[in-house]
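Architecture and fold: a report
Spelled out, the chains give:
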2 protein chains.
Amino acid sequence: MNRHSSFDPVTDDIITALKKAVGKENVQTDAEALELCASDETEDLAFQPEVVASPETAEGVCRILRIAWENNIPVTPRGGGTGLSGGALPVCGGIVLSTMKLNRILEIDQKNLMAVVEPGVITQEFQEEVEKVGLFYPPDPASRGSCFLGGNLAECAGGPRAVKYGVTKDYVTGVEAVMPDGTLIHHGGKLLKNVTGYNLTQLIIGSEGTLAVITKIYLKLLPLPRYRQTLLIPFASLEASAQTVPAIMNAGIVPSALELMERDAVKMAEKHLSTTFPSSDAAAHLLIEIDGNDISTIEKASEQVCEIALKEGATDVLLADTSAKQQELWDLRRALGEAVKSVSIYKEEDTVVPRYNLVPLLLGVKEISKRYGITTVCYGHAGDGNLHVNILKMDMSETEWTDNLDPAIEEIFKLTVSLGGMISGEHGIGYVQRKYLPLAISETELDLMKRLKQVFDKKGILNPSKIFP
Amino acid sequence: MNRHSSFDPVTDDIITALKKAVGKENVQTDAEALELCASDETEDLAFQPEVVASPETAEGVCRILRIAWENNIPVTPRGGGTGLSGGALPVCGGIVLSTMKLNRILEIDQKNLMAVVEPGVITQEFQEEVEKVGLFYPPDPASRGSCFLGGNLAECAGGPRAVKYGVTKDYVTGVEAVMPDGTLIHHGGKLLKNVTGYNLTQLIIGSEGTLAVITKIYLKLLPLPRYRQTLLIPFASLEASAQTVPAIMNAGIVPSALELMERDAVKMAEKHLSTTFPSSDAAAHLLIEIDGNDISTIEKASEQVCEIALKEGATDVLLADTSAKQQELWDLRRALGEAVKSVSIYKEEDTVVPRYNLVPLLLGVKEISKRYGITTVCYGHAGDGNLHVNILKMDMSETEWTDNLDPAIEEIFKLTVSLGGMISGEHGIGYVQRKYLPLAISETELDLMKRLKQVFDKKGILNPSKIFP
């Protein structure tokens, strides 16, 4: 920990104070607990914290932060640990503040179509609870089975439904959070409109746990759409699949999902799931979902999508009209990340461009891959212009990998930015992308962001070594 | 200007510098120009600026702010001057920076369903331009015929369609803006997802021109819904109309507008427009619009709305199925503000509560009015829980008005907050509501907001005496 000598170590006295603050049972220093919180889903990175604290109340979060603040100890907030940019990695040691015990759904308010939750609620569990009463929480990250809503806010998680329904920030109408010095703050509520002071909620969302620890969340809900249809559409070329995306949108159809999957990704997912899919030899697939309350409207839109896709070069159209068949397709889609990563050492990039620039981005990524001799497997939320580029080491030598990886990523990001894009759409900058941030954000804005960080955290104890290069 | 002695006056040298910076023709000091920029639509307030500058480029905005920054001169950004909380009032004198010449629609990008505009574009003109190519920009403030998009961002304007489509912040994917010291910053772009650093765009939206002057805006567009139907539904009691609102939403119907108008408001609008409306004697009306791409779905939803309304106590249902009839109803609705204000000296409040709390808010406002002997006329966006409460002086004596107004407003705001609400939904705090802000926001959050302001504007020259009490 020499390089982080700006912080102080977690002493026995600190451990005692933490135990007093949140209860003995909520403070862990055993090897297993530290090990568990050393990693998230980002590559094979691991950084041991010195202690893991899991408060059960917002007041507990305040107490932990007060101790950390007074004793100059770094604190890394941790949700479900499913992050892909290393946001939950305790890279400076210190305290991991886990929200796993702040996991209550406080209220599903059917009268106001709102919910109030704690940050440790698992996204899928929340979705299922609201669906039981005919309501709908659209944000739907691939990790929804284990990620936490608090983490979704921290990274402004998106997922496939963003193309129609927007991302996490579009559903959060208020937060309660704790600042690094232990001060509890509150903003917004069950309100669809609010211009009463600056929008602290929106500043905290997407700040990757660097400004405050979220302890309560107000979420907007929608009525659950009654019907959905899912289409799997194979294409003979990646280009044809990508250019079908704007063609659909420009016909006035807004699907509830519009996903693109490259052949290699589908093949890897087939293997990973020990299953086979029809047409998995196609160069690329679009996975399209259309939802709504009127089945005939959905059917009409589906037909129109099929026509457009066939005109753009689709080789077939497969309709999943039962929920079992739909589930199968979405299991495939959600397994892509894990499948691709199980094959090889990898780096994942989370590029986002204006939707129509998906074709040049894809073709450019392939050209860069070829030039550097690297393997890239692409999939993602084509409807949002959000392309996940997985760079796989495969059988490259260690030297080749080390020499080529960084310049290849730089080129991919430069291309992304030149196409009007940004280097993270929904995974965040976190730990692993921060060195690339200056490719996307100029010194002026970086300086402004750093000064905003200082307003919340002048000691820099909260999630240090994240976002900023 | 004694009370604002912290600023320096605009000298002849400053005028010369401003003229050099943005051209002689864009700097005005004549009485007429100063008079024009002394007021917005907030009550009868007027504060003379010392000079009006109307730059034609972002670089011009930078130059003006640099001069102001170096010379310690207050700058009040001004859009269409339609604000209702005094956000554009130059209460400390100095420079009014008008965006009226930054009025180009730079791009309507049909391929990406995005637009890029300057802040001085009139909202309605922009809406009409995008509709010409089959696209849709939903935010729809009542002043859309003269308000500017830049002002819409500054106040996070909403309007009737927010119930289905959200408010201004939900359509802004990026901004270019100038900080008070003249530094140009840029955030976001034509991007539907972006977690590349803190969300500066969302921090600037709703900051009421106190953090930066917006010079370019990236806006998300939707495909234009093909059909709409409008219903005017009279009720024999205000309570019955208000409780119909959540009943509709809870049936899974999301209208594109759900407006409530009290009898007095309708009567005043009739007089103002020299027209008569059927059923204008009803205690209250709901004005409901349903839009979509499938006429049969809309018709089904309309029928369902009618059934619910009749069950809740509607006395009739009037359908406007032609665009002429729809126009007539919306003209009535948009005229309410002006109509009510033409009757008497007034104060307008912009309360917002969780939707289901509209009934207790309305009844409470009426009870408070009675107790203080004041006249209140209410209308607003019931679907969002956003109620505009107009307090009219009518024939009250000056003393009675002065003595009762303030305590009555305080009670209304305290009631609003006790119902989980906030004191501004879409008009902003600006100049006239700032003394009430502590009723809604605690010292802790106020202090945090002030420190955020300082990051942008440590000299406090940009839109001083706004928001903060």
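Residue numbers restart at each chain and count upward from 1, following the sequence in its written direction. Note on labels: chains are lettered from A, ligands numbered from 1, in written order. Where totals are concerned, whole chains, interfaces and linings use all residues; where local detail is concerned, this predicted model gives features only for residues with pLDDT of at least 70, and gives and counts side-chain atom pairs only at 80 or more. Based on all heavy atoms of the structure, the side-chain values leave hydrogens and waters out of the count.

Another aspect to go through is the domain arrangement of chain A. Residues and elements named next belong to chain A. Segmentation of chain A into domains returns domain 1 (12-101), domain 2 (106-223), domain 3 (225-336) and domain 4 (344-460). Each domain's extent is set by a domain assignment, obtained either automatically or from a database. Here the C-alpha centroids of domain 1 and domain 4 sit 28 Å apart. Whether two residues are in contact is decided by their heavy atoms, any of which lying within 4.5 Å being enough. Between domain 1 and domain 4, the contact holds 13 residues from the first and twelve residues from the second. Interface of domain 1 and domain 4: buried area, both sides summed, is about 1100 Å²; carbon and sulfur atoms make up 58% of it. Of all residues in domain 1, Glu-43, Trp-69 and Ser-85 give up the largest surface area on contact with domain 4, accounting jointly for 57% of the area buried on that side. The salt bridge criterion pairs a side-chain nitrogen of Lys or Arg with a carboxyl oxygen of Asp or Glu, the two atoms within 4 Å. In this structure, the connection of domain 1 to domain 4 is made through one salt bridge. Whenever two N or O atoms come within 3.5 Å, that pair is a polar contact, provided that in protein one can donate a hydrogen and the other can accept it, and provided that, for residues adjacent in sequence, both atoms are side-chain atoms. Put simply, domain 1 and domain 4 have eight residue pairs in polar contact (both at pLDDT 80 or more) between them. Residue classes in the side of domain 1 that touches domain 4 are distributed as six nonpolar, four polar and three charged. Buried area counts how much accessible surface, traced with a 1.4 Å probe, disappears from two parts once they are put together, with both parts' losses summed. All residues other than Ala, Val, Leu, Ile, Met, Phe, Trp, Tyr, Cys, Pro, Asp, Glu, Lys and Arg, Gly among them, are scored as polar; the first ten of these are nonpolar and the last four charged.

Moving on to the relation of the copies chain B and chain A. Superposing copies: least-squares fit, C-alpha atoms only, residues required to have pLDDT of at least 70 in both. Overlaying chain B with chain A gives an RMSD of 0.0 Å, the required rotation being 180° about an axis along which the chain moves by 0.0 Å. Interpreted geometrically, this transformation is the action of a two-fold axis. Of the residues that chain B buries at the interface, 100% are likewise interface residues in chain A, meaning the two copies contact each other through the same surface.

Our focus in this paragraph is the packing of helix H12 (residues 358-372) of chain A against helix H13 (residues 398-418) of chain A. All names here are of chain A. In this description, a line fitted to the C-alpha atoms serves as the axis of each element, helices being fitted only across the stretch in contact, and the angle between N-to-C directions of two axes falls anywhere from 0 to 180 degrees. A run of H or I in DSSP counts as a helix once it spans at least four residues, and a run of E counts as a strand once it spans at least two, with each numbered from the N terminus. Here H12 crosses H13 at 160°, and the two axes come no closer than 10 Å. By the angle between their directions, the pair H12 and H13 is classed as roughly antiparallel. Handedness of the H12/H13 crossing: right-handed. Where H12 approaches H13, its residues Pro-360, Leu-361, Gly-364, Val-365, Ile-368, Arg-371 and Tyr-372 are matched on the opposing element by Asn-404, Pro-407, Ala-408, Glu-411, Ile-412, Leu-415 and Thr-416. Among the residues making up the contact of H12 with H13, the classes are represented as nine nonpolar, three polar and two charged. Reported orientations rely on four angle classes, namely roughly parallel under 35 degrees, roughly antiparallel over 145, roughly perpendicular from 65 to 115, and oblique for the rest. Whether a crossing is left-handed or right-handed is set by the direction in which the near helix is turned from the far one by less than a right angle, anticlockwise for left-handed and clockwise for right-handed.

One frequent convention defines the size of an interface as the accessible area lost when the parts assemble. Taken together, the 82 residues of chain B in the interface contact 82 residues of chain A. At the boundary of chain B with chain A, total buried surface from both sides reaches about 6400 Å², with 63% on carbon and sulfur atoms. Of all residues in chain B, Lys-193, Val-195 and Tyr-198 of chain B bury the most surface against chain A, accounting for 16% of the area lost on that side. With its nearest N and O atoms 2.9 Å apart, the salt bridge here joins Asp-384 of chain A to Lys-193 of chain B.

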